[in-house]
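Listed below, chain by chain, are the residues.
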Amino acid sequence: MAADDRRNGDSTNHNRRDPKKPRLSEFLTESDIRSEFAHHHTGVARVNNGSFGCCPSSVLDAQREWQLRFLRQPDEFYFNGLRRGLLASRTVISDLINADDVDEVSLVDNATTAAAIVLQRVGRCFSEGRYQKEDTVVMFHCAFQSVKKSIQAYVTRVGGSTVEVRLPFPVSSNDEIVSAFREGLKKGRANGRTVRLAIIDHITSMPCVLMPVRELVKVCREEGVEEVFVDAAHAIGSVKVDVKEIGADYYVSNLHKWFFCPPSIAFFYCKKRGSELDVHHPVVSHEFGNGLAIESAWIGTRDYSSQLVVPSVMEFVSRFEGGIDGIMERNHDEAVKMGLMLCNAWGTNLGSPPEMCVGMVMIGLPSKLCVESDEDAVKLRSYLRVHRSVEVPVYFLGLRDGEEGVKDKDSGVITAYVRISRQVYNETEDYERLRDAITELVKDQRTCQNLPPFDIFRCNNKALEEEEPEPLAKVPEVTLLLMSLWWSGVQWKKRLTLRRLFNVFLTTEKPIRLLNFVSEEQLEESKKERGERVEDGTFQRDRALYEILKENKDKKDAEFNERFKHRPPKALDEDETEFLDKLEMSKKEYEQQLADEDEQQIRSFQAAVAARSATPQEPEEAALPPPAPPTKEPKTTGKRNSATRPFNTIIRVKPQPKKLKATEEEKKEISGPPEPLQTGLALVSYSDESEDDD
């Protein structure tokens, strides 16, 4: 791609200018350094810069400016600021690592991303048949787990194989490493296979060793290895990096570990070749096919600020005497010095000679700690972090059959090491705290098997100590309150209070027992000391217990009402609001159910009436018999309707009392067969009098 492509930035001439060397008066003082890292948690010995790195306040301010620039006007940032800023960062790195061309340098998230890029390419070669089945990838056994998982995901599943070379540790010379690596390449070529890729660490992580990377790459070229990938996650900012001297095809290093960048950013160097290199970013965007540097410059909308502050980082390191080279030299010397101090205090050894160390050093732990597994190492690390406020990784060294191991001053085999880091913000007190913590464990005959369990409430940091209340005088009351909070299910927002209560336990001179049985003699003696009381029946014995309890209850109720009578009603919390909403919803559902049932009954009744009206009806009962003559006659008990009536008669109709409708069966029994209808003229008289009245 042309160098003047706007996607590479607006400038067509990538001038490389060395940063101006500051005057001596501009160098940072110890006070300035503390101010730059004032955001670090106070009271914690951070001797683990190697895991996550650090970032000074001035660089964080620059990052914030880039973030705000994007948020103010994203379009202007994308078309004018982003590409130009990324090019400036890549140019600084290209000068720093002595690359031939800025296009050989890409910015990615971390070393894991670069490993995925390389191993995806190897996997495609296996899938497309360019590599033979069982061709190998050779690496050291201490490679990052993410690299091993990437090989499993992209290489072995398509037919490739791997060979792991065991790194000698503790190590005393580079020759041991080179010899072991040659043996690994020999295994990789066995049975006619070809070593397609060798993965070499520039600085291994756990255990930490500065590898002879140039010699190892040279061995790869001599042995016919097709490509070499150097995983140098800890390199830049720890050692001088010259990619042309190293001679690898791929080289990656994180800038957020030892180069003061905010997380996360890494540079990925791909050596230029005659033909177009088939490497692509794992996240495919519209820039796919335009070269890895351009593909990596845009992988969708995201925060690119960590990749834009590299020039600001160079300004920061230039304020130290000797710049980044001076920082690396001082970190190495101080790390070795602190490592030797710990070795002398514990009677152990360094994991590698000083010339094979960087700003990280491995120191053996006393054998009396009995670190026997990776789980024990994690337990010890958690203990140091939680109970001693020391953050340091612990490495378990499992001995193979036949290995004697290194012994400490007590003639015990050293099975574990700590990895200390040294950065500009560290002080001697940080390492002395680690020294004293391990020394006290050994003195108290504590091992990994009887360390206190991991306790999230034991946080010995200065921030919490400043907020600690005075120790309570009445420990039993604290005990009851603690048990109440624990068993009632403490919410997250109440955990700080619970931690404070635990600290009362931990700072109390006498141990507190939650179960403390008291004898009758002690109880009687306690009653004499405190005097007679109404509550336990030793005072006012002539009164009934019911009266005493009721009086106490009324008194407490009155005090409670007096205390809270002027308090405004408590607002409903989220749970109460949700409960009332559910209650209202269930009430509406119940009312709707009743309405539906009523409507169903009405419809059923209407349907029954409609069905009845559609069928032929039985004739009405015949008219009532004619009225009796004025003289009273005995009443008949037979049918009230006669079979025949004379014409031209007056019929008096007596009002019928209201009664319930008869059922169909009753009507059939009463009505009987239908009677013939009488036709003729008659007068009908209505009266309120009843014939049945005597």
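Scroll up to find the structure this text is about.
Overview of the structure. (Residues numbered from 1 in each chain as written. Predicted model: local features only at pLDDT ≥ 70, side-chain atom pairs only at ≥ 80, totals over all residues. Heavy atoms only, no water.)

### Observations concerning the overall build of the chain
Helix and strand counts for the chain stand at 23 helices and 14 strands. For the chain, the residues scored as buried account for 40% of the 694 residues in total. Considering only residue pairs separated by 6 or more positions, the chain has 70% of its internal contacts joining residues 24 or more positions apart. When the accessible area of the chain is evaluated, it comes to approximately 41800 Å², of which 52% is carbon and sulfur surface. (Helix = DSSP H or I, 4+ residues; strand = E, 2+ residues; numbered from the N terminus. Buried < 20%, exposed > 50% of the residue type's maximum accessible area, 1.4 Å probe, protein only. Contact = heavy atoms within 4.5 Å. Areas by Shrake-Rupley, 256 points an atom, 1.4 Å probe, with all protein chains shown as cover.)

### Here we look at the sheet that holds strand β8 (residues 266-270)
One open sheet holds the 7 strands; their spatial order is β2-β8-β7-β6-β5-β3-β4, and the pairing between them is mixed. One side of each edge strand has no neighbouring strand; the edge strands of this open sheet are β2 (105-108) and β4 (161-165). If you compare each strand with its neighbour and ignore which way they point, the axes differ by 20° on average. (Pairing = 2+ DSSP bridges. Axes fitted to C-alpha atoms, helices over the stretch in contact; angles between N-to-C directions.)

### Looking at the environment of S285
Position of S285 among the secondary structure elements: in the loop between β8 and α11 (292-297). For S285, a relative accessible area of 17% translates into the label buried. Placed 10 residues apart in sequence, S285 and E295 show a C-alpha to C-alpha distance of 7.1 Å. In contact with S285, other than residues within four places in its own chain, are E295, W298 and I299. Separated by 2.8 Å, the side chain of S285 and the backbone oxygen of W298 make a polar contact. (Polar contact = N/O pair within 3.5 Å; in protein donor to acceptor, adjacent residues only side chain to side chain.)

### Focus: the packing of helix α3 (residues 57-72) against helix α4 (residues 74-97)
Relative to each other, α3 and α4 sit at 145°, their axes nearing to 7 Å. Where α3 abuts α4, its residues W66, R69, F70, L71 and R72 lie against P74, E76, F77, G81 and G85. Along the lines of polarity and charge, the residues of the contact of α3 with α4 split into 5 nonpolar, 2 polar and 3 charged. (Nonpolar A, V, L, I, M, F, W, Y, C, P; charged D, E, K, R; others polar.)

### Some thoughts on the packing of aromatic side chains
Throughout the structure, instances matching the rule amount to 16 aromatic pairs. Judged by centre distance (5.4 Å) and plane angle (70°), the ring pair of F70 and F77 falls under edge-to-face. Looking at F70, the relative accessible area reads 29%, which means it is partly exposed. Among the aromatic residues, ring-to-ring pairing joins F37, F260, F316, F320 and Y425 into one connected group. (Phe/Tyr/Trp six-rings, centres within 6.5 Å; stacked < 30°, edge-to-face > 60°.)

### Thoughts on the side chain of Q120
Assignment of secondary structure puts Q120 in helix α5 (residues 111-127). With residues near it in sequence (within four places) discarded, Q120 still touches Y154 and P282.

### Digging into the side chain of H40
Residue placement: H40 occurs in the loop between α1 (30-36) and β1 (45-46). For H40, the contacting residues outside a window of four places in its chain are R46, C54 and Y425.

### Quick look at the sheet that holds strand β11 (residues 394-396)
Sheet architecture is open: 3 strands sit in the order β9-β12-β11, paired in antiparallel fashion. What marks the edges here is a single partner per strand, and that holds for β9 (360-364) and β11. The average angle at which neighbouring strand axes cross in this sheet is 30°, direction not considered. Inspection of the sheet shows β9 paired to strand β12 (residues 416-421) by 5 bridges, in the antiparallel sense. The partner of M362 across the bridge, within β12, is R419. Packed onto the sheet, helix α14 (residues 323-346) meets β9 and β12 and runs at close to 5° relative to β9.

### Some remarks on unusual backbone geometry
Glycine aside, the phi torsion of most residues is negative, and most peptide linkages are trans. Omega for the peptide link from F169 to P170 comes to -5°, which places this bond in the cis form. Locating P170 in the fold gives a position in the loop between β4 and α7 (174-188). Here M206 and P207 are connected by a cis peptide whose omega angle stands at 0°. Within the fold, P207 resides in the loop between β5 (195-201) and α8 (213-222). Unusually for a residue other than glycine, F260 sits at a positive phi of about 70°. When you line up the elements, F260 lands in the loop between α10 (255-258) and β8.

### Here we look at the pattern of salt bridges
As enumerated under the stated definition, the model contains 27 salt bridges in all. Connected via shared salt-bridge partners are R124, E128, R130 and D278. (Salt bridge = Lys/Arg side-chain N within 4 Å of Asp/Glu carboxyl O.)

### With respect to the state of the cysteines
Counted by the stated rule, this structure contains 0 disulfides. Distance from the sulfur of C357, which forms no disulfide, to the nearest cysteine sulfur (C208) is 6.9 Å. The class of C357 is buried, set by a relative accessible area of 5%. (Disulfide = S-S within 2.5 Å.)

### Digging into the pairing of strand β6 (residues 227-231)
In terms of residue burial, β6 counts as a mostly covered element, since 5 of its 5 residues are buried. Residues E227, F229 and D231 point to one face of β6 and V228 and V230 to the other, with burial holding for every one of them. Pairing of β5 with β6 involves 5 bridges; the strand directions are parallel. Bridge pairing links A198 to V228 in β6. Tracing the backbone out of β5, into α8 and back to the parallel element β6 gives a crossover that is right-handed. With 3 bridges connecting them, β6 and strand β7 (residues 250-254) associate as parallel partners. Within the sheet, the bridge partner assigned to F229 lies in β7 and is Y250. (Right-handed = clockwise from strand over helix to strand, strands pointing away.)

### Description of the pairing of β2
The alternating pattern of β2 places V105 and L107 and S106 and V108 on opposite faces, both of which are buried. Relative to β8, β2 is paired through 4 bridges, and the arrangement is antiparallel. Counterpart to V108 in the pairing with β8 is A266.

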